[in-house]
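Here is how the chains run, residue by residue.
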Amino acid sequence: LHLLGIDTPDAARIHQLAQLLIIATQFGLQPGQTAASTTETREEFALLIDTLEVRDDSLLASLRSARTAGRLSQDDLTSLVIFIATVGQAPTVFALGNALLTLLRNPDQLTALRDNPALLTNLIDESARFAPPLRVIRRFAAIDTQFEGQTIHAGDQLQLIIPATNRDPAVFPNPNHFDIHRAARNHLGFGWASHHCLGAPVARAIAEEAFALLLPQFPNLTAAGRLELLLGETAGPTALDIVGRPHTPPTHLEAARTADVANRSVPAAPRNHACPCGSGRKFKHCHATTTS
């Protein structure tokens, strides 16, 4: 919020509302939420960012000016502020969960990491390649383009399926194999070129610190109890129980291994048709003039 120039006592409320809206958009309505209450939340959020006193040189002031000039709609303004206020939080959490779950599903790689902690940097990239938290990137074609015999018109919306591109055998030999010895720096898990995630260095630092703390505390790390996955445009564990501290009873460890929670089949979550732009509208309503 400091980036937007919001330093008022209302900052906490703005952050709370933004979180509620982004969760409803990405993951569907949560317990206690209804379509009507989400609309009310969005209206309160829009009113707050419209009435806040901010510096003339702040980002929010610039966005308001762009709306006044007709370069942004009210929906555009609200969605941008929601995105800036929440960007990176859910992807970082899911990236951590995916890396942990993939290690548990590949115990030989977990052993290799314990034997050589220097492989931690590789783990972050290989996990982002093999099990990225964001599965779909949407872009609009700037000009008419021919690709693989298909005509892509300027303004058409394209969907890039990240797990598929990250498993291109021409780029990654044996792509369906998870291997932390692989220096997978050219994956699209953090985007690419001008669209490369600005928060990637922070996400890497958080992930490396998290595993540096987790692995010594759980020398017998094993999945146990719950495994709940979100399987959609954003993918990763929403709940993953683990055991394996130094004094965990052997019977508990054996029970966890026998249950094989890490490889449990989990049904896909209901599809959420809300537009990823953050508007909260149905996709076809929000971008009816585009193709996908």
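Scroll up to find the structure.
Residues numbered from 1 in each chain as written. Predicted model: local features only at pLDDT ≥ 70, side-chain atom pairs only at ≥ 80, totals over all residues. Heavy atoms only, no water.

What to know about the overall build of the protein chain
Each helix and strand counted, the protein chain has 11 helices and 6 strands in total. Considering the protein chain as a whole, with its 292 residues, one finds that 40% of them fall into the buried category. Counting contacts in the protein chain only where the partners sit at least 6 residues apart, residues at least 24 apart contribute 66% of the total. Carbon together with sulfur atoms contributes 58% to the accessible area of the protein chain, which is approximately 16,200 Å² in total. (Helix = DSSP H or I, 4+ residues; strand = E, 2+ residues; numbered from the N terminus. Buried < 20%, exposed > 50% of the residue type's maximum accessible area, 1.4 Å probe, protein only. Contact = heavy atoms within 4.5 Å. Areas by Shrake-Rupley, 256 points an atom, 1.4 Å probe, with all protein chains shown as cover.)

As for the packing of aromatic side chains
Enumeration according to the criterion identifies 1 aromatic pair in this entry. Here the basic side chain of R129 rests over the ring of F172, its NZ or CZ set 5.3 Å away from the ring centre. Its guanidinium or amino end placed over the ring of F130, R167 lies 4.1 Å from that ring's centre, counting from NZ or CZ. (Phe/Tyr/Trp six-rings, centres within 6.5 Å; stacked < 30°, edge-to-face > 60°. Lys NZ or Arg CZ within 6 Å of the ring centre and 35° of its normal.)

Concerning the pattern of salt bridges
Evaluated as defined, the whole model comprises 9 salt bridges. One salt bridge in this structure joins D57 and R55, with 3.0 Å as the shortest N-O distance. Classification of D57 as exposed rests on a relative accessible area of 63%. On the accessibility criterion, R55 (44% relative accessible area) is partly exposed. (Salt bridge = Lys/Arg side-chain N within 4 Å of Asp/Glu carboxyl O.)

Thoughts on the pairing of strand β6 (residues 235-243)
In this sheet, β6 lies alongside strand β5 (residues 222-231) in antiparallel orientation, the contact comprising 7 bridges. Counted as the bridge partner of T222 is V243 from β6. From the end of β5 to the start of β6, which pair antiparallel, there are 3 residues. (Pairing = 2+ DSSP bridges.)

Observations concerning unusual backbone geometry
What is expected of a backbone is that most residues other than glycine have negative phi and most peptide bonds are trans. With a phi close to 50°, E148 is a non-glycine residue in the positive phi region. Phi is positive for D260, which is not a glycine, with a value near 50°. Mapped onto the fold, D260 is located in the loop between α10 (250-259) and α11 (283-286). Accessibility expressed as a relative area gives 37% for D260, which makes it partly exposed.

Topic: the side chain of H187
Looking at the secondary structure, you find H187 in the loop between α8 (162-165) and α9 (200-217). The class of H187 is buried, set by a relative accessible area of 3%. Engagement of the side chain of H187 in a polar contact is seen with the side chain of D125, the distance being 2.7 Å. A polar contact is formed between the side chain of H187 and the backbone nitrogen of G189, at a distance of 2.9 Å. When residues no more than four places from it in sequence are discounted, the contact partners of H187 are D125, A128, R129, N166, F172 and W192. (Polar contact = N/O pair within 3.5 Å; in protein donor to acceptor, adjacent residues only side chain to side chain.)

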